Amino acid sequence: MQQSDEWRIPLYKIYTDDEDINLITKIVRRGAKWAIGPEIDEFETAIKNYVGAQYCACLNSGTSALHSLLLAYGLGKNDEMIIPSFSFISTANSVLFVGGQPKFADIEDETYGLDPADVINKITTKTKAVIPVDYGGMSCKISEIKQITKNHNLLLIEDAAESLGSRVDGKKVGSFSDSAMFSFCGNKVLTTGEGGAIITESKDIYERVKLIRSHGRLDKISYFNNPNESQYLDLGYNWRMSSITAALGISQLKKLDKIIKMRQENARYLSSRLSKHAQINIPKPPKNYEHIYQMFTIRLNKSDLREKLQNFLSEKRIFSKVYFAPIHLTEFYRNKFGTCNGSLPMTEKISKQVLTLPLYPNMTNEEKNYLVDSIDEFFEQNNN
């Protein structure tokens, strides 16, 4: 496998400009408030206004954001939470962090999100929440899942790590659920390197998350500007976002819609060039879904073809990656819960067929053409 600095086309590149640099420089030069600075509130306000949420709290990662929500809702020992196995492992790990029981449900093959029918099948008397995942920059079947949680009096906590800015029926992702989380790590459409946020309609949950992210401390004024003893009301963690990180978020959010349009244009080009190959399924959003293409994931009709294509692209110095291998088939989850092959047939099928290709906002015509020409060459050599 090629080393990252040798890739002719990496999987992603971060879109940046002078505004990012200027905001960071401003904070560095002021020599104060690198933590708990005014940028935190500004970024949180910008996010909640962008999504259309009542409250937003920023944290140091998407994983911390999801973990904090489960804690804030009081979810814990033996509480079952229905999640997909087709996700990054932190979705399941966050359930374990609070002592809960992850209950894996299968996915559907249109959005690669939780299959509403299987969600219903997995509900028991111990079920407390459903945590759907929006895959690769597009929502799951969130409206159907919301109706299920409403009918069964369950919490709906959306793992929208990859989908800030996408819409369903004109509504921004994150605005359908009781609470949602976003990730801002390096490969996201809006990135701050690391970082995350929660949005919610509940003031109580918002206030609890603020305690949890900062040692359980009640801060009426900034801890670093407070000469008096602080009040510690609960057990908490050091999950705050830095001022520098928030400044990057402010700058990135201002150009998020521009970045999304650039990604969509590049995705349209790749799709138009690759759609001629019968062996490939290109991303196709359902009606009234807006895809922001955090990932451009194709699906090969044969798993062995997927492996051959990935190896071929690697030889061409093109980075591609499988997102995701099933969580329930990892060694840890097999050993802990006895999960096995065949328990989630659609998840296991799709996981063997998907391949994420390079896509980023400022992808050049040369890069796009080299990518699709290489795939054309592969199928010319493997036309049987």
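Look up: the structure comes first, before these words.
Residues numbered from 1 in each chain as written. Predicted model: local features only at pLDDT ≥ 70, side-chain atom pairs only at ≥ 80, totals over all residues. Heavy atoms only, no water.

## Section: the state of the cysteines
- According to the stated counting rule, one finds 0 disulfides in the structure shown.
- The thiol of Cys56 is not disulfide-bonded; the next cysteine sulfur, from Cys58, is found 4.5 Å away.
- We note that Cys185 lacks a disulfide partner, and the nearest cysteine sulfur, in Cys58, lies 15 Å from it. (Disulfide = S-S within 2.5 Å.)

## Describing the pairing of strand β5 (residues 155-159)
- Here β5 lies mainly inside the structure; 4 of its 5 residues are buried.
- As paired elements, strand β4 (residues 127-130) and β5 share 2 bridges and run parallel to each other. From the neighbouring strand, Ala129 faces β5, where its bridge partner is Leu155.
- As for the winding sense of the linkage, the β-α-β connection from β4 through helix α6 (residues 142-151) to β5 is right-handed.
- Summarising the sheet, β5 and strand β8 (residues 179-183) pair through 3 bridges and their orientation is parallel. By the bridge assignment for β8, Glu158 is matched with Ala180. (Buried < 20%, exposed > 50% of the residue type's maximum accessible area, 1.4 Å probe, protein only. Helix = DSSP H or I, 4+ residues; strand = E, 2+ residues; numbered from the N terminus. Pairing = 2+ DSSP bridges. Right-handed = clockwise from strand over helix to strand, strands pointing away.)

## Here we look at helix α1 (residues 18-30)
- Helix length check: α1, at 13 residues, gives a terminal C-alpha distance of 18 Å against a target of 18 Å (1.5 Å per residue), a fit within 8%.
- Here α1 has its buried residues at Asp20, Ile24 and Ile27. For α1, the buried positions fall inside an angular range of 60° around the axis, keeping them on one side. Every exposed residue of α1 that faces more than 90 degrees away from the buried side is listed here: Asp18, Ile21, Asn22, Lys26 and Arg29.
- The secondary structure elements touched by the buried residues of α1 are α2 (38-51) and α8 (243-254).
- Its side-chain oxygen placed 3.1 Å from the backbone nitrogen of Glu19, Asp17 serves as the N-cap of α1.
- Just downstream of α1 lies Gly31, where phi reads positive at about 70°. (Expected span 1.5 Å × (residues − 1). Arc of directions from axis to C-beta. Contact = heavy atoms within 4.5 Å. Polar contact = N/O pair within 3.5 Å; in protein donor to acceptor, adjacent residues only side chain to side chain.)

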